[in-house]
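Residue-level listing of the chains:
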Amino acid sequence: MTPEKAQTMSPSKKTDYDALEATTRIEDITNDEVNQDTLQSLKDDDGELCRLSLVSEDVVDEGDYHPKSSEELGWLGHFAKKSAHLDGLYVFGSTRKIFENCSEQSIDRFFEVLGSCNKIKRVKVIHTDLADIISKLGPSMNKNITRWDIDDCYLGAVEVNQLFTAFQGMKNLEGVDLNYIDDEDAIYRDVDDDIMARCIPLLAACTRMRELNIRGLGLHNNSCEAMSAIFPRMAALHELDLSGNSIDDDCVEVLVRGLAECKHLHSLTLSSNVIGDDGLEILIRGLPASVNTLDLGNNEIALARQLPLLRFRVLSLMCNALSHGGPGVIAASLANPKCRLEEIDLRDTNIGDEEAAILAPSLRNNQRLIAMHLDENINITKAGWDAFLPVLCDKTNINATHGSNHTLQCLELEPRDISRDVQMMLDRNLGLDRSRVAADKILQVHRHLDMKPLFDRQLDL
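What counts, and at which threshold
Residues numbered from 1 in each chain as written. Predicted model: local features only at pLDDT ≥ 70, side-chain atom pairs only at ≥ 80, totals over all residues. Heavy atoms only, no water. Helix = DSSP H or I, 4+ residues; strand = E, 2+ residues; numbered from the N terminus. Buried < 20%, exposed > 50% of the residue type's maximum accessible area, 1.4 Å probe, protein only. Contact = heavy atoms within 4.5 Å. pLDDT = per-residue confidence, 0-100. Patch = residues over 30% accessible without salt bridge, like charges linked within 9 Å, V, L, I, M, F, W, Y side chains within 5 Å. Areas by Shrake-Rupley, 256 points an atom, 1.4 Å probe, with all protein chains shown as cover. Salt bridge = Lys/Arg side-chain N within 4 Å of Asp/Glu carboxyl O. Lys, Arg positive; Asp, Glu negative; His and termini not counted. Charge placed at Lys NZ, Arg CZ, Asp CG, Glu CD. Core = buried A, V, L, I, M, F, W, Y, C linked by side-chain atoms within 4.5 Å. Pairing = 2+ DSSP bridges. Axes fitted to C-alpha atoms, helices over the stretch in contact; angles between N-to-C directions. Parallel < 35°, antiparallel > 145°, perpendicular 65-115°, else oblique. Nonpolar A, V, L, I, M, F, W, Y, C, P; charged D, E, K, R; others polar. Expected span 1.5 Å × (residues − 1). Phe/Tyr/Trp six-rings, centres within 6.5 Å; stacked < 30°, edge-to-face > 60°. Disulfide = S-S within 2.5 Å.

### Considering the overall build of the protein chain
Broken down by element type, the protein chain carries 21 helices and 13 strands. Seen through its C-alpha atoms, the protein chain measures out along the principal axes to roughly 90 × 55 × 35 Å. Sorting the 461 residues of the protein chain into buried and exposed places 52% on the buried side. In the protein chain, the proportion of contacts linking residues at least 24 apart, taken out of those at least 6 apart, comes to 76%.

Set out below in structure tokens:
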């Protein structure tokens, strides 16, 4: 088939692509080299393409697709439907610009063909007309989708209602990510607590939900009541992210009532809200035992009173203005043999040399904590960092060196300010064999000793 013939095929007649495929070259379909590569990969079903990215012409990149004609769009749908490896659809840019070269009839047929393909499970839309995409996908395709990701798409009362109504019909839906947390996203969102509270109950039908992220959409009292009511229906929920909303201590109390039934919940992110010490205490006492990761970064946590931070494996308190006694609260938990913490994020939390000197000794007998992130605490000087040195390698005698902390591996995510000697000891702790790490430290500090007996036996660590 010649390019001229490919361009003049009538969109009004349904094309028999199966019959034409054997005699049609990819070069006959399109002159665009990027599109040729995509079509060839789909036709060969070589496994290199697992998602189809539809984009406007101004942002097209390798692996993306901007259809140049209605006929080309028809072939794209044909090859996409036949691919055994294609499981994702990404839409980046306004549908008007993406399909500017295509007739409405060809666009409808394209989505009809995709709708008959039950292998596409993931949909991600960015900077696009959300209502239009939901309408075009239709119920036949929506029933197969397991994940929806939405970023920088205008979301008003009409759009959010249409979206959540679509979710209601997606019985296989396992993941939803609505990301409107950044300041620049304000131009895309026009919803509030009441609007969200009316739509959230529609998620009750999504009983297979494993990951739910609703960021920056104004969730407050009413929305949290609605969320709490549907959580018991989401027995499989594994990760929940409600960052960037208006969740306060009262909202936390409401949420926890529903989350108590989510026995498989592993990770909870509530960063960039307005949660204080009361909310933290409610979370500590009320969350199901399965939750081992809690992110409360950028809230109003002060740790102005003693709270047990024992139960979580990963805890983020970054960008909270800790009180003067806050580091002491953390130190008390780290020194407790029952503490399960393996990672604690204390970036930008008003910690200086005095606070570092409180935190460091709490790690002397701690054999669990791997990382304490202290980046962006500008008041920590060399004296503060060096407070960790005798904990990591006590030079007093062999027993003291042997009893040092051989577990802690990180005090900064990007080591810049930390003193060289402390970083060297942290690097030594990267060794998986703590007996060998202890022996190496003893060898370094106590050079006069015969170390062979230490290497020949396991040290009790």
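### Details of the confidence of the model for the protein chain
Chain-level statistics for the protein chain give a pLDDT mean of 89 and a share of 93% at 70 or above. Overall, residues 1-12 carries pLDDT values under 50, and its contacts beyond four positions in sequence, including any with other chains, amount to 23 contacts.

### Some points on a negative patch on the surface
On the surface, a cluster of negative charge is made up of Glu-33, Asp-37, Asp-61 and Glu-62. Relative to the assigned elements, Glu-33 resides in helix α4 (residues 33-44). Classification of Glu-33 as exposed rests on a relative accessible area of 62%.

### Topic: the pattern of salt bridges
Counting across every chain of the model gives 19 salt bridges. We note a salt bridge from Asp-149 to Arg-147, for which the minimum N-O separation is 2.8 Å. Glu-414 is the salt-bridge partner of Arg-416, the closest N and O atoms lying 2.9 Å from each other. The pair Arg-416 / Glu-414 is uniform in exposure class, with both members exposed.

### Focus: the side chain of Arg-347
Turning to its location among the elements, Arg-347 is positioned in the loop between β12 (343-345) and α15 (353-359). Residue class for Arg-347 comes out buried when judged on its relative accessible area of 17%. Residue contacts for Arg-347: discarding those within four places in its chain leaves Met-318, Cys-319, His-373, Leu-374, Asp-375, Glu-376, Asn-377 and Leu-413.

### Details of the nonpolar core
General note: in soluble globular proteins, nonpolar side chains tend to be found buried as a group. Counting 127 residues, the largest nonpolar core has Trp-148, Phe-164 and Met-372 as the members making the most contacts within it. Of all the elements, helix α12 (residues 249-259) adds the most residues to this core, at 6 residues.

### Quick look at the pairing of strand β7 (residues 211-215)
Taken residue by residue, a regular strand's side chains alternate between the two faces of the sheet. Within β7, 4 of the 5 residues are buried, which leaves the element mostly enclosed by the surrounding structure. Sheet topology places strand β6 (residues 175-179) next to β7; 5 bridges connect them, and they run parallel. Note that in β7 the partner of Val-176 across the bridge is Leu-212. The pairing of β7 with strand β8 (residues 239-241) spans 3 bridges and is parallel. Bridging across to β8, Asn-213 finds its partner in Asp-241.

### Thoughts on the packing of helix α5 (residues 70-82) against helix α7 (residues 104-115)
Packed helix pairs are characterised by how far apart their axes lie and by the angle those axes make with each other. Where α5 contacts α7, the two axes come as close as 9 Å, and the packing angle between them is 0°. In terms of orientation, α5 lies roughly parallel with respect to α7. Two secondary-structure elements touch here, α5 through Ser-70, Leu-73, Leu-76, Gly-77, Ala-80 and Lys-81 and α7 through Ser-106, Ile-107, Phe-110, Val-113 and Leu-114. Per-class residue counts for the contact of α5 with α7 are 7 nonpolar, 3 polar and 1 charged.

### Quick notes on unusual backbone geometry
Here the phi dihedral of His-127 falls at roughly 55°; this positive angle occurs in a residue that is not glycine. Within the fold, His-127 resides in the loop between β4 (122-126) and α8 (130-142). Residue classification places His-127 among the partly exposed positions, given a relative accessible area of 32%. With a phi close to 55°, Asp-152 is a non-glycine residue in the positive phi region.

### Remarks on α7
Between the first and last C-alpha of α7 there are 16 Å, a value that for 12 residues agrees with the 16 Å anticipated at 1.5 Å per step. Along α7, the positions that sit buried rather than exposed are Ser-106, Ile-107, Phe-110, Phe-111, Leu-114 and Gly-115.

### Brief notes about the packing of aromatic side chains
Applying the stated rule across the entire model yields 7 aromatic pairs. Seen from their ring centres, Tyr-17 and Trp-75 are 4.7 Å apart, and the 75° between their planes marks the pair as edge-to-face. A residue pair is termed long-range when its members are at least 10 positions apart, and Tyr-17 in helix α2 (residues 17-21) and Trp-75 in helix α5 qualify at 58 residues. With respect to burial, Tyr-17 and Trp-75 carry one shared label: buried. Judged by centre distance (6.4 Å) and plane angle (55°), the ring pair of Phe-99 and Phe-110 falls under tilted. In this pair, Phe-99 is assigned in the loop between α6 (95-98) and α7 and Phe-110 in helix α7, connecting sequence segments 11 residues apart. In this structure Phe-99 comes out as buried when scored by relative accessible area, which is 4%.

### Describing the state of the cysteines
Per the counting criterion, the structure on display carries 0 disulfides. Among the cysteines around Cys-251, which has no disulfide bond, Cys-224 carries the closest sulfur, lying 4.0 Å off.

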